[in-house]
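Each chain is listed here by its residues.
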Amino acid sequence: MAVPRLSAAASILSAVAVSALLAGCSASVNVEKPELKMSAEKLADLVAEKLAATMNQPKPNVTCPDDVSAKVGTTTRCKLTADDGSSLGVTVTVTSVEGTKMNFDIQADETASPAPS
């Protein structure tokens, strides 16, 4: 009997979601004063690096909609997009701020969204 196989992108998204949920991710980064915020581009790069390191996979394509203020509890939703167009939501929350250093909790959604038709 043939066993259906997931595409590589779907497998990676599933593995990222499971691993991020089970292991959880966190990150720290220094931010520049006086703004005390991180650009959306830098945050997306940080999230991609942490997810790649957690899964021991190549760095995924991650986008974040807004800059993040260095305030504990600030949350934003980023999006991981696979090569096949499927996507996975990622919640990033500022957990602490120590001077110019921001610490984050990175949590991937359980389920990926299929590629748009």
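Please read all numbers here as calculations on a predicted model, not as lab measurements.

J.: How should I be thinking about the overall build of the protein in this particular structure?
T.: Within the protein, the secondary structure is distributed over two helices and seven strands. Reading the protein from its N terminus to its C terminus gives the helix and strand order α-β-β-α-β-β-β-β-β. When burial is assessed residue by residue, the protein has 37% of its 117 residues classed as buried. Once local pairs closer than 6 in sequence are excluded, the contacts in the protein between residues at least 24 apart make up 54%. Surface accessibility of the protein: about 6,900 Å² in total, with carbon and sulfur atoms responsible for 51%.

J.: Explain the environment of V62 here, please?
T.: Relative to the helices and strands, V62 is located in strand β3 (residues 61-63). Sequence separation between V62 and A48 is 14 residues, and the spatial gap between their C-alpha atoms is 5.8 Å. Sequence-distant contacts of V62, defined by excluding residues within four places in its chain, comprise A44, V47, A48, C78, K79 and L80.

J.: Quick question: what am I supposed to make of unusual backbone geometry here?
T.: The backbone phi angle of N56 is positive, close to 55 degrees, even though this residue is not glycine. Assessed through its relative accessible area of 71%, N56 is described here as exposed.

J.: Honestly, the nonpolar core in this entry has me stumped. Any pointers?
T.: Most often, soluble globular proteins have nonpolar side chains that are buried together. One finds L43, V47, V62, V90 and F104 to be the most contacted residues of the largest nonpolar core, which totals 22 residues. Taken together, the elements giving at least two residues each to this core come down to α2 (40-55), β5 (75-81), β6 (87-98) and β7 (101-108). Top contributing element to this core by residue count: α2, with seven residues.

J.: What is the right way to look at the side chain of N103 in this model?
T.: Counting through the fold element by element, N103 comes out in strand β7. In this structure the side chain of N103 is engaged in a polar contact, spanning 2.5 Å, whose partner is the side chain of S96.

J.: What's the story with the environment of K79 in this structure? I'm lost.
T.: As for its position among the elements, K79 is in strand β5. What makes K79 partly exposed here is its relative accessible area of 42%. Taking the C-alpha atoms as reference, K79 lies 8.6 Å from T91; in sequence the two are 12 residues apart. Here K79 is in contact with N61, V62, T63, S87 and L88, once residues within four sequence places are set aside.

The rules we used
- Residues numbered from 1 in each chain as written.
- Predicted model: local features only at pLDDT ≥ 70, side-chain atom pairs only at ≥ 80, totals over all residues.
- Heavy atoms only, no water.
- Helix = DSSP H or I, 4+ residues; strand = E, 2+ residues; numbered from the N terminus.
- Buried < 20%, exposed > 50% of the residue type's maximum accessible area, 1.4 Å probe, protein only.
- Contact = heavy atoms within 4.5 Å.
- Areas by Shrake-Rupley, 256 points an atom, 1.4 Å probe, with all protein chains shown as cover.
- Core = buried A, V, L, I, M, F, W, Y, C linked by side-chain atoms within 4.5 Å.
- Polar contact = N/O pair within 3.5 Å; in protein donor to acceptor, adjacent residues only side chain to side chain.

Shape is all these values report; function is a separate question.
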